[in-house]
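# Analysis of the macromolecular model
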Amino acid sequence: MADDQILDSAAAQIERAQADKCLRPSIAGFFDEATNTVSYVVHDPKTNEAAIIDSVLDFEAASGRTSNGSADRIIEYVTSNNLKVTWLIETHAHADHISAAPYLQERLGGKLAIGRDIVRVQEVFGKLFNAGTDFERDGSQFDKLFDDGETFNVGELEGIALHVPGHTPADMAFIIGDAAFVGDTIFMPDFGTARADFPGGDARQLYRSIRRLLSLPDETRLFLCHDYKAPGRDEYAWETTVKQQREENVHVKDGVSEEDFVEMRTDRDKTLAMPKLIMPSVQVNIRGGRLPDPEDNGVSYIKIPVNAV
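A brief look at the structure comes next. (Residues numbered from 1 in each chain as written. Predicted model: local features only at pLDDT ≥ 70, side-chain atom pairs only at ≥ 80, totals over all residues. Heavy atoms only, no water.)

## Observations concerning the nonpolar core
- Val 41, Ile 52, Val 78 and Leu 104 are the most contacted members of the largest nonpolar core, which totals 37 residues.
- Those elements that place two or more of their residues in this core are β1 (26-32), β3 (49-53), α2 (69-80), β6 (84-89), α3 (101-108), β7 (111-115), α4 (118-128) and α8 (278-285).
- When near neighbours in sequence (up to four residues on either side) are disregarded, Val 78 contacts Val 41, Ile 52, Leu 83, Val 85 and Leu 108.
- Ranked by size, the runner-up nonpolar core spans 26 residues in total, among them Ala 10, Val 182, Ile 210 and Leu 224. (Core = buried A, V, L, I, M, F, W, Y, C linked by side-chain atoms within 4.5 Å. Buried < 20%, exposed > 50% of the residue type's maximum accessible area, 1.4 Å probe, protein only. Helix = DSSP H or I, 4+ residues; strand = E, 2+ residues; numbered from the N terminus. Contact = heavy atoms within 4.5 Å.)

The structure is reproduced here in structure tokens:
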């Protein structure tokens, strides 16, 4: 991508980390099979400062009950390794699981962060759920809104945020050291890419975002938010590299044109059902993982708009 100084900065950070192992993070993945989601604890081995990325709150849709088993696994890992959580990062407002960030923040601390374009998602879904004027559409539910190219630290590790819209307008990839946490932009090479048919999604934008990511150094480690075990593969997997994606991704490897991708992605998306947890997930995640305010009986309610999507 020509004249992308932010991408150049990200590549330089990755190259520094590849040259010096002290600049590379320690990474633990936590797979939630109920939602096919991978959450990560990323920490600096020198300072033990850590970031938690894309956490999961367990939710039983039939009963409307939440539980904390997935998040408690993360808490156990953090405490047993004497880590200090400084960031709770969301790659986007997920449509397939509810974030456990507020629960984790209450117990472990850290700043809750997401990309600045969450305000666009809040505007769209605030209207869909008729959230009313009390629902702030300014991202104030989060402690930090990241801009494209903004840098941060996890201990002494370098971090940089890349805006990678297409799946949703607010998707961000967070690069820490030599590891990129890419959310739902891309899946394992044998499974392909994320859908782009949610409100505000755009297949053409998604292609350009993926090609931006795949312009990073070949050995950049990519950590994915989901895996669904492609046909013929028996094990879940969520780590790959830029080189592997460029050579093997079934949807967007080198040689696939933007027009061919847009046609494929658009046709494929028409065949996909909505995620089972999209209504509760988006409704809660646009609030930073917090349930809607309780009504006068003390109970929070999830709305289901009828014949509206």
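## Focus on the sheet that holds strand β8 (residues 144-146)
- Reading across from one edge, β1-β2-β3-β6-β7-β8 is the order of the 6 strands in this open sheet, with mixed pairing throughout. Among the strands making up the open sheet, the edge pair consists of β1 and β8. The sheet shows a mean angle of 25 degrees between the axes of neighbouring strands, direction not considered.
- Summarising the sheet, β6 and β7 pair through 3 bridges and their orientation is parallel. The residue of β7 that forms the bridge with Leu 88 is Leu 112.
- Sheet strands touched by α2: β1, β2 (37-43), β3 and β6. Its angle to β1, the strand with the most contacts, is close to 160 degrees.
- The sheet contacts of α3 involve β3, β6 and β7, and relative to β6 the element is tilted by about 165 degrees. (Pairing = 2+ DSSP bridges. Axes fitted to C-alpha atoms, helices over the stretch in contact; angles between N-to-C directions.)

## Describing the sheet that holds strand β10 (residues 157-163)
- The strand order across the open sheet built from 6 strands is β9-β10-β11-β12-β13-β14, with neighbouring strands paired in mixed fashion. Bordering the open sheet on either side are β9 (151-154) and β14 (239-241), each of which pairs with just one other strand. Strand-to-strand twist in this sheet, taken as the mean axis angle between neighbours without regard to direction, amounts to 30 degrees.
- Its contacts with the sheet place helix α1 (residues 5-19) against β10 and β11 (172-176), and it is angled at close to 150 degrees to β10.

## A few points about the packing of aromatic side chains
- Counting across every chain of the model gives 16 aromatic pairs.
- Seen from their ring centres, Phe 31 and Tyr 236 are 4.3 Å apart, and the 35 degrees between their planes marks the pair as tilted. In this pair, Phe 31 is assigned in strand β1 and Tyr 236 in the loop between β13 (221-223) and β14, connecting sequence segments 205 residues apart.
- For Phe 31, a relative accessible area of 14% corresponds to the buried category.
- Sitting above the plane of the Tyr 236 ring, Lys 229 keeps its charged end 4.6 Å from the centroid.
- The ring of Phe 135 carries Arg 287 above its face, with NZ or CZ at 5.0 Å from the centroid. (Phe/Tyr/Trp six-rings, centres within 6.5 Å; stacked < 30°, edge-to-face > 60°. Lys NZ or Arg CZ within 6 Å of the ring centre and 35° of its normal.)

## Some points on α8
- With 8 of 8 residues buried, α8 lies mostly within the body of the structure.
- Of the positions making up α8, those classed as buried are Ile 278, Met 279, Pro 280, Ser 281, Val 282, Gln 283, Val 284 and Asn 285.
- Those residues of α8 that are buried are in contact with β4 (58-60) and α4.

## Describing the side chain of Thr 185
- Mapped onto the elements of the fold, Thr 185 is located in the loop between β12 (179-181) and α5 (203-213).
- Residue classification places Thr 185 among the buried positions, given a relative accessible area of 0%.
- One polar contact links the side chain of Thr 185 to the main-chain carbonyl oxygen of Val 182, over a distance of 2.9 Å. (Polar contact = N/O pair within 3.5 Å; in protein donor to acceptor, adjacent residues only side chain to side chain.)

## Description of the side chain of Asp 227
- Within the fold, Asp 227 resides in the loop between β13 and β14.
- Given the relative accessible area of 1%, Asp 227 is considered buried.
- Polar side-chain contacts of Asp 227 include one of 3.3 Å to the backbone nitrogen of Lys 229.
- A polar contact is formed between the side chain of Asp 227 and the side chain of Arg 233, at a distance of 2.8 Å.
- Those residues in contact with Asp 227 that sit more than four places away from it in its chain are Phe 31, Asn 36, Met 188, Arg 233, Glu 235, Tyr 236 and Ala 237.

## Quick word on the pairing of β9
- By the alternation rule, side chains of β9 split into Phe 152 and Val 154, which are all buried, and Thr 151 and Asn 153, of which none is buried.
- Between β9 and β10, which pair antiparallel and follow one another directly, the connecting turn spans 2 residues, one of which, Gly 155, has a positive phi of 65 degrees.

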